[in-house]
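# Breakdown of the fold
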Amino acid sequence: MTDSAPRPFRVRWLGRVRYRDALALQRGIHAHAGEAAGERAGEEASSPQDHLLLLEHHAVYTLGLSGDPANLLAPPEEIGAEVVRADRGGDVTYHGPGQLVGYPLLHLPGKRGGGMADTAAYVHAVEEVVMAACRDLGLADVGRLGRYPGVWVEPDGPRPRKVAAIGVKLTRSRTMHGFALNVDPDLDHFDRMVPCGISEYGVTSLAAEGIGASMAEVVDRVAARASERWAAGPVDRADVARPVERAAPDGDLAPFSRGAGPGDVPPVERKPEWMRVPLDTGPEYRRLKALMRSSDLVTVCEEAGCPNVFECWNDGTATFMINGERCTRACGFCLVDTRRPDAPDLGEPERVAAAVAEMDLAHAVVTAVARDDLADHGAGAFAATIHAIRRRRPGTAVEVLVPDCKGDEAALATIFDARPDVLNHNVETVARLQRRVRPSAGYARSLSVLARAKAAGLTTKSSIMVGLGETDDEVDGCLADLAAVGCDIATIGQYLRPTTNHLPVERWVEPAAFERWRDVGRAVGIGHVEASPLTRSSHHARSAAEAVGGAVPVTLGQRVGS
Ligand code: SF4
């Protein structure tokens, strides 16, 4: 692999993101996107990927490596702000709504050491990009101020003021952290600290300087200047719903997500022949059905009306659903009960383990609805179920398909520490459609859950549905983002509309497109891609896990633990 090989430059506008989620995502990409694609898939290495993450943070004060807490002058909690220590240069800084934060995650050819000189040169480059964007937007008199990093307004005037802060990290020729450009934030929040430890100069914003550019316009300018400066290959841009498009709150959501509940069974849409599944209630299917009823267990196979239920159950596999059938969310594609959830059933983990033993499962998949009503987001039940299965069937591989737990690190750690053989968390759709398809979740948050699981040493997996209005290129970009956080397995399947109150099927994707996505996924470094019109996230779960060494290989018919 030569440093001159074209590297895709992936620009992602991620909307409003919690600092901790963005940090986990950065670390994931920093750890994995540097791997030349293919390296993980053991194929011919091609070039690493470069990313530019653009976002706004919820209110937070971050302290850099030399950050002095004494520079926080007022209790952050008064404005609902978090305080986070960050492994970047610099002192204390504020991030919040109205401020464009950019994290260039670049592979800087030839800069192996990341010494002071390299870092200074890189900070210089970041300043250049932000200054150029400011000038494009009409703020002409911007520049550097002596030894203070950042972008300053009227640096040679009597009252220099900072419009953008910069704090970076350069290790193993890869960059992290970046810049924070004040578009129109609440500047009072900067008075609650000594910005960057610099007491003699003030802070300003584009708006305070009379530049009325919207966040979307600033995002476009910065993305253009950054691509000019750093793109060493094709620019692949993907945005979550742009701020301006949220003019009609909820107008773009399915009635189901707006609380209308399920509608009628949709009129039989003329499904293409490749979507038709023969009804096959064989003996194994009937045995499992009886077992689920007698064990008072719930499966997502039945709850979601999965087209593969006959194939999987006749093959003796099923996906158990714990933590009840009522979800605290209402994704636009999901046939779930959204009434007030019941209290967790403490006997459920043992019952699932007993069913796993009864079914002699080599690979058990456990999923759950989102339980935002619980302090641990339902994580404890996942851990208890993994442990119960392990006690009962030590040889059974356990895969869990988990909600994002709102990014709660303690809840996620509870699940990760139970060491599932495969940690599955679905991004479900491409960046642009996130808000429409899963309004209570987020693209950056889901990628950060996968990045955290990977950092915990787990085999990770995610799933994308198509037919919701995405383009093929957007799916390619989503696969690249999964690869960038080290995702080992990806599944891609056709969306089916559960009721008339759910999102419509925008297209029936041809089988050939799935074959192509299998190749695209492998090319960007995903170990195994399960893709077909009927694929669902747990479909062929065992073989997918075995393909990446994420599960105990068991030959068909061999009794588990024998
Ligand atoms: S969070 Fe999961 S179970 Fe709940 S509505 Fe969304 S997809 Fe369905």
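This structure is a prediction, so every number in the text was calculated from the model and none was measured.

## Quick notes on the overall build of the protein chain
The helix and strand tally for the protein chain stands at 15 helices and 20 strands. Expected size for 562 residues packed as a compact globule is a radius of gyration near 24 Å; at 25 Å, the protein chain falls within 12% of this value. Taking the principal axes of its C-alpha atoms as reference, the protein chain extends roughly 85 × 50 × 45 Å. The buried share of the protein chain, taken over its 562 residues, is 58%. Within the protein chain, contacts between residues separated by at least 24 positions form 75% of all contacts whose residues are at least 6 apart in sequence. By element, 52% of the accessible surface of the protein chain is carried by carbon and sulfur atoms, the whole surface being about 21,800 Å². Charged side chains in the protein chain number 64 positive and 76 negative. The centres of these two groups are separated by 2 Å.

## Description of the site of the ligand
Residues in contact with the ligand, as listed here, are Cys-327, Arg-329, Cys-331, Phe-333, Cys-334, Val-336, Val-369 and Ala-370. Each residue belonging to the shell around the ligand can be placed in one class, and the counts come to 7 nonpolar, no polar and 1 charged.

## Side note on the nonpolar core
Grouped together as the largest cluster of nonpolar side chains are 99 residues, with contacts concentrated most on Leu-54, Leu-206 and Ile-492. Ranked by the residues each element gives to this core, the list is headed by helix 2 (residues 116–136), at 9 residues. Three or more residues apiece are contributed to this core by two domains, here domain 1 (9–239) and domain 2 (273–547). Among residues more than four places away in sequence, those in contact with Ile-492 are Ile-464, Val-466, Val-475, Leu-479, Phe-514, Trp-517, Val-529, Glu-530, Ala-531, Ser-532 and Thr-535.

## Things to note about the packing of helix 13 (residues 472–484) against helix 14 (residues 511–523)
For the pair helix 13 and helix 14, interaxial distance at closest approach is 9 Å and the crossing angle is 35°. For the crossing formed where helix 13 meets helix 14, the hand is right-handed. Counting all contacts with helix 13, which are made through Asp-472, Val-475, Asp-476 and Leu-479, the residues of helix 14 involved are Arg-516, Trp-517, Val-520 and Gly-521. For the contact of helix 13 with helix 14, a count of residues per class yields 4 nonpolar, 1 polar and 3 charged.

## Remarks on the side chain of Arg-192
Checked against the element boundaries, Arg-192 lands in the loop between strand 10 (174–182) and strand 11 (202–203). For Arg-192, the contacting residues outside a window of four places in its chain are Tyr-61, Asn-71, Leu-72, Leu-73, Ala-74, Pro-75, Glu-78 and Ile-79.

## Considerations on the sheet that holds strand 14 (residues 319–322)
Where strands meet in a sheet, backbone hydrogen bonds hold them as pairs that are either parallel or antiparallel. Here we have 8 strands laid out as an open sheet, ordered 13-14-15-16-17-18-19-20, and mixed in their pairing. For this open sheet the edge positions go to strand 13 (298–299) and strand 20 (528–531), each flanked by a neighbour on one side alone. Taken together, the 3 bridges between strand 17 (residues 422–424) and strand 18 (residues 459–466) define a ladder with parallel strand orientation. Looking at strand 18, one finds that Asn-424 is bridged to Lys-461. Strands in contact with helix 13 are strand 18 and strand 19 (489–494); relative to strand 18, the strand with the most contacts, it is inclined by about 170°. Packed onto the sheet, helix 14 meets strand 18, strand 19 and strand 20 and runs at close to 165° relative to strand 20.

## A short note on the packing of helix 2 against helix 3 (residues 215–230)
Relative to each other, helix 2 and helix 3 sit at 140°, their axes nearing to 9 Å. With respect to helix 3, the axis of helix 2 lies oblique. You can see that helix 2 and helix 3 cross each other, and the crossing is right-handed. Mapping the contact onto sequence places Tyr-122, Ala-125, Val-126, Glu-128, Val-129, Ala-132, Ala-133 and Asp-136 in helix 2 and Arg-221, Val-222, Arg-225, Ala-226, Arg-229 and Trp-230 in helix 3. Residue classes in the contact of helix 2 with helix 3 are distributed as 9 nonpolar, no polar and 5 charged.

## A short note on the domain arrangement of the protein chain
According to the domain assignment, the protein chain contains domain 1 (9–239) and domain 2 (273–547). A C-alpha centroid distance of 35 Å is found between domain 1 and domain 2. Of the residues lining the interface, 24 residues belong to domain 1; the matching set on domain 2 comes to 25 residues. Inspection of the domain 1/domain 2 interface yields 4 salt bridges. Between Arg-445 and Asp-21 there is a salt bridge, and its shortest N-O distance comes to 2.9 Å. Counting every contact that joins domain 1 to domain 2 gives 7 residue pairs in polar contact (both at pLDDT 80 or more). Broken down by secondary-structure element, the contributors of at least two residues to the side of domain 1 that touches domain 2 are strand 1 (9–17), helix 1 (19–32) and strand 12 (235–239). Take the side of domain 1 that touches domain 2: its biggest share by element is 7 residues, from helix 1. Of the residues belonging to the side of domain 1 that touches domain 2, the class tally is 9 nonpolar, 6 polar and 9 charged.

## Topic: the sheet that holds strand 5 (residues 92–95)
Ordered in space as 4-3-5, the 3 strands form an open sheet in which the pairing is mixed. At either margin of the open sheet sits one strand with a lone partner, and together these are strand 4 (82–85) and strand 5. Looking at each pair of strands side by side, their axes are set apart by 25° on average, direction ignored. As paired elements, strand 3 (residues 60–63) and strand 4 share 4 bridges and run parallel to each other. Its bridge partner lying in strand 4, Thr-62 is registered against Val-84. Contacting strand 3, strand 4 and strand 5, helix 1 crosses the sheet at an angle of about 25° to strand 4.

Parameters at a glance
- Residues numbered from 1 in each chain as written.
- Predicted model: local features only at pLDDT ≥ 70, side-chain atom pairs only at ≥ 80, totals over all residues.
- Heavy atoms only, no water.
- Helix = DSSP H or I, 4+ residues; strand = E, 2+ residues; numbered from the N terminus.
- Rg over C-alpha atoms; globule rule 2.2 N^0.38 Å.
- Buried < 20%, exposed > 50% of the residue type's maximum accessible area, 1.4 Å probe, protein only.
- Contact = heavy atoms within 4.5 Å.
- Areas by Shrake-Rupley, 256 points an atom, 1.4 Å probe, with all protein chains shown as cover.
- Lys, Arg positive; Asp, Glu negative; His and termini not counted.
- Charge placed at Lys NZ, Arg CZ, Asp CG, Glu CD.
- Near = heavy atom within 4 Å.
- Nonpolar A, V, L, I, M, F, W, Y, C, P; charged D, E, K, R; others polar.
- Core = buried A, V, L, I, M, F, W, Y, C linked by side-chain atoms within 4.5 Å.
- Domains from an automatic or database assignment.
- Axes fitted to C-alpha atoms, helices over the stretch in contact; angles between N-to-C directions.
- Left-handed = near helix turned anticlockwise from the far one by under 90°.
- Pairing = 2+ DSSP bridges.
- Parallel < 35°, antiparallel > 145°, perpendicular 65-115°, else oblique.
- Salt bridge = Lys/Arg side-chain N within 4 Å of Asp/Glu carboxyl O.
- Polar contact = N/O pair within 3.5 Å; in protein donor to acceptor, adjacent residues only side chain to side chain.

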